[in-house]
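# Overview (structure and organization)
So you can see what is in the structure, the chains are spelled out below.
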Amino acid sequence: GLPSPTLPGLHLPSVDTHKGWLFKWTNYLKGYQRRWFVLSNGLLSYYRTQAEMAHTCRGTIPLATAHIEVGDTCHLVLTSGGRSYHLKATSEGECQKWVSALQQAKANATLLMHHSDDSGDEVPVPQEDRTLTQGVLKTLASKLDDLSTCNELIGKHGAALQRSLSELEDLRGSTDSTDKVKAVNERATLFRITSNAMINACRDFVDVAESHSRRWQKALQHEREQRHHLEETIEQLAKQHNSLERAWRENPTSYTGVERSQEGDASDENDEAEFFDAMEDSPAFITVTATGNIDSPIHLSLSFSLQDTSGANHMQLRRTRRSRIPDKPNYSLNLWSIMKNCIGKDLSKIPMPVNFNEPLSMLQRLTEDLEYSELLDRAARCDSSLEQMCLVAAFSVSSYSTTVHRTAKPFNPLLGETYELDRLDEYGYRSICEQVSHHPPAAAHHVTSQRGWTLWQHITIDSKFRGKYISVVPLGNIHLQFHSSGNHYVWSKVTSTVHNIIVGKLWIDQSGDIDIVNTTTKDTCRLKFSPYSYFSREVPRKVTGVVEDREGTAHYILSGTWDDKIESAKIVDSSQGCGGSEGKQKTVYQTLPPKLLWKKYPLPENAENMHFFSSLALTLNEPEEGVAPTDSRLRPDQRLMEAGLWDEANSQKQRLEERQRLERKRRAQLIAITDFSLFRNKEHSTYVLSLGQDIEGYQPLWFEKRTDETGDNIFIYKGGYWEAKERQDWSQCPQIF
């Protein structure tokens, strides 16, 4: 192999790489855990097992800046970057070996760092700053000289004072005591003067250091702000880039000279090739060339026509959606005063003022799951069902990204309330929801996309108030089918919990497992949402998962957080490691570098004053022409709340709820009369019960109850809504507002 690089003129003691087992403190629940430590090139790295050295490092400690402290009974503490690592060896001898190796490695790393600093490769410092720094250093040096002089004088006068005190003790009661006392007083005065000078010199030194420290802190803060501004700018550029790509994919025919090669449809099954491109939504690359020639195996070539087209615009003009709503008013209300008598009750049955709501209904929150629909567009183009499963899993996680700051509850939809979202022009899909039951609250949802997929779900919300927290458990399955392959995916949602109901700042957590099953190929993916724990050192809001085929063989590892991003890593090898619970061995996977599947969009400007709504959420309640009279956009209490008129919104909310109670009572009376009249007509009674009515006697308008191919008894879209909208025939719709 190649010789190790060395710096000229620098001779370091030779130290071999040190390896071995140490016990590392993790948390108060697990205590010390056995870890495999490797010391090499000034870095101390640790792993759960020796097998993990090939692919997964659990942490690395740079020794050049670390502080090494030896404790009692085989303990040692490493402090680096504000974090302390508590380690324990199996014996005193083993502990001493590690301490010696660590101290030698630290010395070598420090020498290397200083030599690198003095090598002249550093970035040149401006002359003005250099002069200022040198002046500060000279001032501090002079103050240090004063301190040193005062220290010598204190030592000298202190020794003389000590001698005088000893002599005074010897001469106690003699005639010379008066002269000796006078001498002691003189020396004590000199000592006091010198001590005061020492204190003043220390104060001057501290003042100079503090004044320049403040200046350096301001400079550091300025650099941090500049870096933050740069990161925000880069995020905006990335978002604009993504929007431009999406606009091109939605309407590629609006450009001239667009060609798509046949290779673009081929699935990349090569283990050596990258799985998903980390920064692209499409598996195809885009290049702009002057000649249109394909000069490399690029999947897509794109050129623009600069000819005059007599004022014709090739880009399709789309509606501009709103990007802000009125700021949320600052109304204070004690949640505990309302909910203290509701512990254990269903949250949907607790009368709540709009102060604890956000100006969206539950139907709109369901529709908000489609914010990252481009993941399903990409999945529809996949030939590999396993790659498709990764994108479906990322989509299932992305629906929680908007909830991290959204602790307010959505409006409970009225029975028969609907919500449509027509985004055919922008994103190729349109969605319709209907509240099909009020007790228990249940909604049916159907989405059809021109880009090769259909999604439907029937969700019932089970919410309980437990005193300190509120738990929301969505019951029911989400179904997704891709048109070209016929692959049918089924999964459910995890539990959402809102904490600190009594005292403290409200915060939300997602926990539980999502099992995604491809009922066509029998591929599976289990996603684990780790609950937050104060004692855990895991990343908050962590999500992990494994994609397996029908034989149970793992092919991809998924990891990330539900509020930020999800990555996938293709598995190339697996082995059995140690450390499993109950005597079981854990499987250790060796993977290729992870690739980004999904990344959360940044929130709009001023989102903290607009209920932390995302860009899509800001448009969900925007008024639309031609929607059904039962649409959530037309709900008066929700509209008034969005406008900041909360008192008026509360009055309208009470009116609507009272109207719904009266309507429910009317239906119940009608059912009782019908049951009595049908008592002797069994055949007619069977006909009435087969209409799909719920316990309240309500029959949904756009959905009907069926048993689907997976055996679920759910409400399925029966059609007719978009045709009624085209005709503007809403005569069947009830008057619920």
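One structure accompanies this document, and this report is about it.

Rules and cut-offs
- Residues numbered from 1 in each chain as written.
- Predicted model: local features only at pLDDT ≥ 70, side-chain atom pairs only at ≥ 80, totals over all residues.
- Heavy atoms only, no water.
- Helix = DSSP H or I, 4+ residues; strand = E, 2+ residues; numbered from the N terminus.
- Buried < 20%, exposed > 50% of the residue type's maximum accessible area, 1.4 Å probe, protein only.
- Contact = heavy atoms within 4.5 Å.
- Polar contact = N/O pair within 3.5 Å; in protein donor to acceptor, adjacent residues only side chain to side chain.
- Expected span 1.5 Å × (residues − 1).
- Pairing = 2+ DSSP bridges.
- Axes fitted to C-alpha atoms, helices over the stretch in contact; angles between N-to-C directions.
- Core = buried A, V, L, I, M, F, W, Y, C linked by side-chain atoms within 4.5 Å.
- Salt bridge = Lys/Arg side-chain N within 4 Å of Asp/Glu carboxyl O.
- Patch = residues over 30% accessible without salt bridge, like charges linked within 9 Å, V, L, I, M, F, W, Y side chains within 5 Å.
- Areas by Shrake-Rupley, 256 points an atom, 1.4 Å probe, with all protein chains shown as cover.
- 1 Å grid on protein atoms, 1.4 Å probe; cavity = no way out; pocket = protein on both sides within 12 Å on 5 of 7 lines; lining within 4 Å.
- Points joined across faces, edges and corners; volume = space filled by probe spheres on them.
- Nonpolar A, V, L, I, M, F, W, Y, C, P; charged D, E, K, R; others polar.
- Phe/Tyr/Trp six-rings, centres within 6.5 Å; stacked < 30°, edge-to-face > 60°.
- Lys NZ or Arg CZ within 6 Å of the ring centre and 35° of its normal.

Turning our attention to the overall build of the chain. Scanning the chain from N- to C-terminus turns up 13 helices and 29 strands. Counting only residues that meet the buried cut, the chain has 39% of its 737 residues in that class. Here the contacts in the chain between residues at least 6 apart in sequence split such that 58% fall between residues at least 24 apart.

Here we come to the side chain of Asn27. When you line up the elements, Asn27 lands in strand β1 (residues 18-27). Beyond its immediate sequence surroundings of up to four residues, Asn27 is in contact with Phe535 and Ser536.

Moving on to unusual backbone geometry. Phi at Arg541 takes a positive value of approximately 65°, unusual for a residue other than glycine. Of note in this structure, Asn606 is not a glycine but carries a positive phi near 70°. Examined against the element boundaries, Asn606 turns out to sit in the loop between β27 (595-599) and α9 (615-620).

Turning to the environment of Tyr419, a few remarks are in order. Looking at the secondary structure, you find Tyr419 in strand β13 (residues 418-423). Assessed through its relative accessible area of 0%, Tyr419 is described here as buried. Each C-alpha atom, one on Tyr419 and one on His445, is 9.3 Å from the other, the two residues being 26 residues apart in sequence. Sequence-distant contacts of Tyr419, that is, excluding residues within four places in its chain, are made with Leu363, Gln364, Thr367, Ser431, Ile432, Cys433, Leu620, Asp631, Ser632 and Arg633. There is a polar contact of 3.2 Å between the side chain of Tyr419 and the side chain of Arg633.

What follows is about helix α7 (residues 385-398). Between its terminal C-alpha atoms α7 stretches 20 Å, which fits the 20 Å expected from 14 residues at 1.5 Å a residue. With respect to burial, α7 is a largely interior element, 14 of its 14 residues being buried.

So, about the sheet that holds β1. Here 7 strands make up an open sheet; going across it, the order is β4-β3-β2-β1-β7-β6-β5 and the pairing antiparallel. The open sheet is flanked by β4 (59-62) and β5 (67-70), the only strands paired with a single partner. Direction aside, neighbouring strands of the sheet carry axes that sit 35° apart on average. Bridging between strand β2 (residues 31-40) and strand β3 (residues 43-47) involves 5 bridges; their strand directions are antiparallel. Note that in β3 the partner of Trp36 across the bridge is Tyr47.

Of all hydrophobic cores here, the largest spans 58 residues; its most connected members are Trp453, Leu480, Trp491, Ile516, Leu527 and Phe529. Top contributing element to this core by residue count: α7, with 9 residues. Setting aside chain neighbours within four positions, we find Leu527 in contact with Ala393, Ser396, Val397, Gly512, Asp513, Ile514, Ile516, Val543, Thr544, Gly545 and Leu558. Counting residues in hydrophobic clusters, the runner-up holds 21 residues, among them Leu22, Phe37, Leu87 and Ala105.

Burial along strand β19 (residues 488-491) is two-sided: His488 and Val490 facing one way and Tyr489 and Trp491 facing the other are all buried. Where strand β18 (residues 478-482) meets β19, 4 bridges bridge the pair, whose relative direction is antiparallel. If you follow Ile478 over to β19, its bridge partner there is Trp491. Hairpin connection between β18 and β19: a loop of 5 residues separates the two successive antiparallel strands, and Gly486 in this loop has a positive phi of roughly 80°.

On to the pattern of salt bridges, then. Within this structure, the stated rule accounts for 26 salt bridges. A salt bridge links Asp327 to Arg324, with the nearest nitrogen and oxygen atoms 3.0 Å apart. When its relative accessible area of 38% is taken as the criterion, Asp327 is described as partly exposed. Taking the shortest distance from any N to any O, the salt bridge between Glu420 and Lys725 comes out at 2.7 Å. On the criterion of sequence distance, the pair formed by Glu420 in strand β13 and Lys725 in helix α13 (residues 721-727) is long-range, its members being 305 residues apart. Overall, the relative accessible area of 19% leaves Lys725 in the buried class.

This paragraph deals with the side chain of Asp369. Of note, Asp369 is situated in the loop between α5 (362-367) and α6 (374-380). Non-local contacts of Asp369, meaning those with residues more than four positions away in its chain, are made with Phe395, Ser399, Gln457 and Lys493.

This next bit is on a nonpolar patch on the surface. Together, Tyr28, Leu29, Tyr532, Tyr534 and Phe535 make up an exposed nonpolar region whose accessible area comes to about 700 Å². Position of Phe535 relative to the elements: it lies in the loop between β22 (524-529) and β23 (542-548). The exposure class assigned to Phe535 is partly exposed, which follows from its relative accessible area of 38%.

Attention now goes to the pairing of β18. Look at any regular strand and the pattern is simple: side chains alternate between the two faces of the sheet. Of all 5 residues making up β18, 4 are buried, and the element is well covered by its neighbours. Here strand β16 (residues 453-465) pairs with β18 via 5 bridges, running antiparallel. Across the sheet, the residue bridging to Leu455 is Leu480, located in β18.

In this structure the tally under the stated criterion is 1 cavity of 30 Å³ or more. The computed volume of the largest cavity comes to approximately 90 Å³. Every residue lining the largest cavity is counted, 14 residues in all, and those nearest its centre are Asp369, Phe395, Ile478, Trp491 and Lys493. Residue assignment for the lining of the largest cavity shows that the elements contributing at least two residues are α7 and β16. Taken together, the residues of the lining of the largest cavity sort by class into 7 nonpolar, 5 polar and 2 charged.

Quick look at the packing of aromatic side chains now. Summed over the entire model, instances satisfying the criterion amount to 16 aromatic pairs. Relative to Tyr46, the ring of Phe37 lies with its centre 5.4 Å away and its plane at 35°, an arrangement referred to as tilted. Note on accessibility: Phe37 and Tyr46 belong to one class, buried. Measuring from ring centre to ring centre gives 6.4 Å for Tyr429 and Trp453, while their planes differ by 40°; the resulting arrangement is tilted. A residue pair is termed long-range when its members are at least 10 positions apart, and Tyr429 in strand β14 (residues 429-438) and Trp453 in strand β16 qualify at 24 residues. Of note, Arg541 hangs over the ring of Trp562, and the distance from its end group to the ring centre comes to 5.9 Å.

Keep in mind these values describe shape, not function.
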